[in-house]
Amino acid sequence: MIKNFVEELTWRGMIHTVMPGAEEHLMEGMRSAYVGFDPTADSLHIGNLVPIMLLAHYQRCGHKPVALVGGATGMIGDPSGKSSERNLLDEKTLRHNQEAIKKQLSHFLDFESDANNAAVLVNNYDWMKNFSFLEFIRDVGKHITVNYMMAKDSVKNRISSDASEGMSFTEFTYQLVQGYDFLHLYKEKNCSIQMGGSDQWGNITTGTELIRRISGGKGFAITCPLITKSDGSKFGKSEGGNVWLDAERTSPYKFYQYWLNTSDVDAEKYIKIFTFLTEEEIDALTKEHNEAPHLRVLQKRLAEEITTMVHSKDDLDNAIKASDILFGNSTGDDLKQLNEKTFLEVFDGVPLTEVAKADIENGLDIIAALAEKGGFLKSNSDARRALKENAVSVNKEKVQEDYTITSKDLINNKFVLLQRGKKNYFVLRIV
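In this text the structure is predicted, and so the values were computed from the model without any measurement. (Residues numbered from 1 in each chain as written. Predicted model: local features only at pLDDT ≥ 70, side-chain atom pairs only at ≥ 80, totals over all residues. Heavy atoms only, no water.)

A. Geometry of a nonpolar patch on the surface. On the surface, Phe133, Leu134, Ile137 and Phe169 cluster together into a nonpolar patch covering about 460 Å² of accessible area. The dominant element in the nonpolar patch, judged by the number of residues it contributes, is helix α6 (residues 133–139), at three residues. Among the structural elements, Leu134 can be located in helix α6. A relative accessible area of 64% means that Leu134 is categorised as exposed. (Patch = residues over 30% accessible without salt bridge, like charges linked within 9 Å, V, L, I, M, F, W, Y side chains within 5 Å. Areas by Shrake-Rupley, 256 points an atom, 1.4 Å probe, with all protein chains shown as cover. Salt bridge = Lys/Arg side-chain N within 4 Å of Asp/Glu carboxyl O. Helix = DSSP H or I, 4+ residues; strand = E, 2+ residues; numbered from the N terminus. Buried < 20%, exposed > 50% of the residue type's maximum accessible area, 1.4 Å probe, protein only.)

As structure tokens, then:
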């Protein structure tokens, strides 16, 4: 059954521009639409989540999604919104990146089923690699005028007098190559719609123009808004750079924290865009959130939904446990379940001292750990005072003055977490 895709996207705030006739075209029956992804890394990042969600909603509305990995266009570089050219890749790297991207997309899209609308992954390098330059300018280039190409914002912005760098011929032809992708998929896959961010409108409409001029057909364009943060900072960036979908690049803990730290205004917007929750569910959550904003109901649900989708329920549970270690009532057992990377991320910025392994094997008394060996407290008398006040914990468990740290206290065979009071943490790294 076909559901109204444009209607679904509209209430979610995911529509920027819809070409006239596109909504009616979609309601007539199952249609194929594609979105392009840049394969210059072996992972997508959360900036790619909006086009991924476009395809996921598209499939859920009964249509067939086509994910295009831009192997050929990745060798050129899209000038839209960029002031310089990107690195160009070799074929082996592109193939590796393509497989990694497909694996990530499969968390959102059904590639495997026998359904008519099962998702398809294509790589434009496959049809561009044998296309000679002469054939391309004869069969494609002659149908689009330079005047038409110069009128696009992505070109105008790069060749204006304000631009710091000019635009190479390679980049100038980008819109023709992307336009040809649309024509190729229109002819080979009966793909009549291209979707993307609003900055892609110019490239997409070049494709619809080629379809009209060469095939006498009709292609459609649908774009979504570029996501912004209410404070004006760039969406998808953290202090460490991109927030990646690959757990090796951005751990599930850090990924979860990114969404958990979203502002109230952004959380209300993001939960519509980045989850599959219904309008009724989101309205109820928003009402609950507004009644008690300090509980961060929207942020928690947003972080839970999206961490589970991108990673897994187990990864979510571990991320919540890791978060609770700093802010909740966790135990030493919870600590010992953290892997080294997550442990270091949770306690990033906490004072850390290295202690010899022999000291731990021989038994390190708690006063020395806090003062002489650790250097966290100024003196042995400071350490004794804190212990008498029952303010010292080892791995979240309260200890007394006679406590000795041994190998059994090690987290990942490498760390011991000391704590004074509720908020003062110290880490011993065993070397």
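B. Summary view of the pattern of salt bridges. This structure, assessed with the given rule, holds 19 salt bridges. Between Arg31 and Glu28 there is a salt bridge, and its shortest N-O distance comes to 2.7 Å. By relative accessible area, which is 60% here, Glu28 ends up exposed. With a closest N to O distance of 2.7 Å, Glu209 and Arg212 form a salt bridge. Of this pair, Glu209 and Arg212 both sit in helix α11 (residues 201–215), separated by three residues, roughly a single helical turn. Since its relative accessible area comes to 13%, Glu209 is described here as buried. The network of salt bridges with shared partners includes Glu91, Arg95 and Asp126.

C. Summary view of the sheet that holds strand β5 (residues 191–197). The mixed open sheet is built from six strands, whose spatial order is β1-β6-β5-β2-β3-β4. The open sheet has two edge strands with one neighbour each: β1 (17–18) and β4 (120–123). Direction of pairing for β1 relative to strand β6 (residues 220–224): antiparallel, over a ladder of two bridges. Looking at the pairing, Thr17 lines up with Thr223 of β6. Lying on the sheet, helix α4 (residues 91–105) is in contact with β2 (32–37), β3 (64–69) and β4; it crosses β4 at an angle near 160°. Contacting β2, β3, β4, β5 and β6, helix α10 (residues 174–189) crosses the sheet at an angle of about 145° to β5. (Pairing = 2+ DSSP bridges. Contact = heavy atoms within 4.5 Å. Axes fitted to C-alpha atoms, helices over the stretch in contact; angles between N-to-C directions.)

D. Quick peek at the UniProt feature "binding site: ATP" (unreviewed entry) in the chain. This chain's UniProt record puts "binding site: ATP" (unreviewed entry) on Lys237. Summarising the element assignment, Lys237 is placed in strand β7 (residues 237–238). Under the relative-accessibility criterion, Lys237 is labelled partly exposed at 35%. Each residue touching Lys237, except ones within four places of it in the same chain, is listed here: Asn242, Val243 and Tyr258. (UniProt positions renumbered as here; feature names shortened; annotations may be inferred.)

E. Examining the pairing of β2 more closely. Counted residue by residue, β2 has five buried out of six residues, so it is predominantly covered. A crossover links β2 with its parallel partner β3, the connecting element being helix α3 (residues 49–60), and its sense is right-handed. As defined by bridge partners, β2 adjoins β5 across three bridges and the pair is classed as parallel. Residue pairing across strands places Ala33 opposite Ile193, the latter belonging to β5. (Right-handed = clockwise from strand over helix to strand, strands pointing away.)

F. Here's a closer look at the state of the cysteines. For the structure shown, the criterion picks out zero disulfides. Of all cysteine sulfurs, the one in Cys224 lies closest to Cys191, which takes part in no disulfide; the gap is 16 Å. Relative accessible area serves as the criterion here: at 0%, Cys191 is assigned to the buried category. We classify Cys224 as buried; its relative accessible area is 2%. (Disulfide = S-S within 2.5 Å.)

G. Quick peek at the side chain of Gln178. As for its placement among the helices and strands, Gln178 is situated in helix α10. Classification of Gln178 by relative accessible area gives buried; the value is 5%. A polar contact of 3.3 Å, which involves the side chain of Gln178, links it to the side chain of Gln200. Leave out the neighbours within four places in its chain, and Gln178 touches Tyr34, Thr73, Gln194, Gln200, Asn203 and Ile204. (Polar contact = N/O pair within 3.5 Å; in protein donor to acceptor, adjacent residues only side chain to side chain.)

H. Layout of the packing of aromatic side chains. Scanning the model with the defined rule gives 18 aromatic pairs in all. Note on Phe343 and Phe415: the rings are 4.7 Å apart at their centroids and 25° apart in plane angle, and the pair reads as stacked. Taken together, the positions of Phe343 in helix α18 (residues 340–346) and Phe415 in strand β14 (residues 415–420) put the pair 72 residues apart, joining distant regions of the chain. Here Phe343 and Phe415 have matching classes, each one buried. An aromatic cluster is defined as three or more aromatic residues linked by ring pairs; in this entry it consists of Phe235, Phe255, Tyr258, Trp259, Tyr270 and Phe274. Positioned over the ring face of Phe111 is Lys102, at 5.3 Å from the centre of the ring. (Phe/Tyr/Trp six-rings, centres within 6.5 Å; stacked < 30°, edge-to-face > 60°. Lys NZ or Arg CZ within 6 Å of the ring centre and 35° of its normal.)

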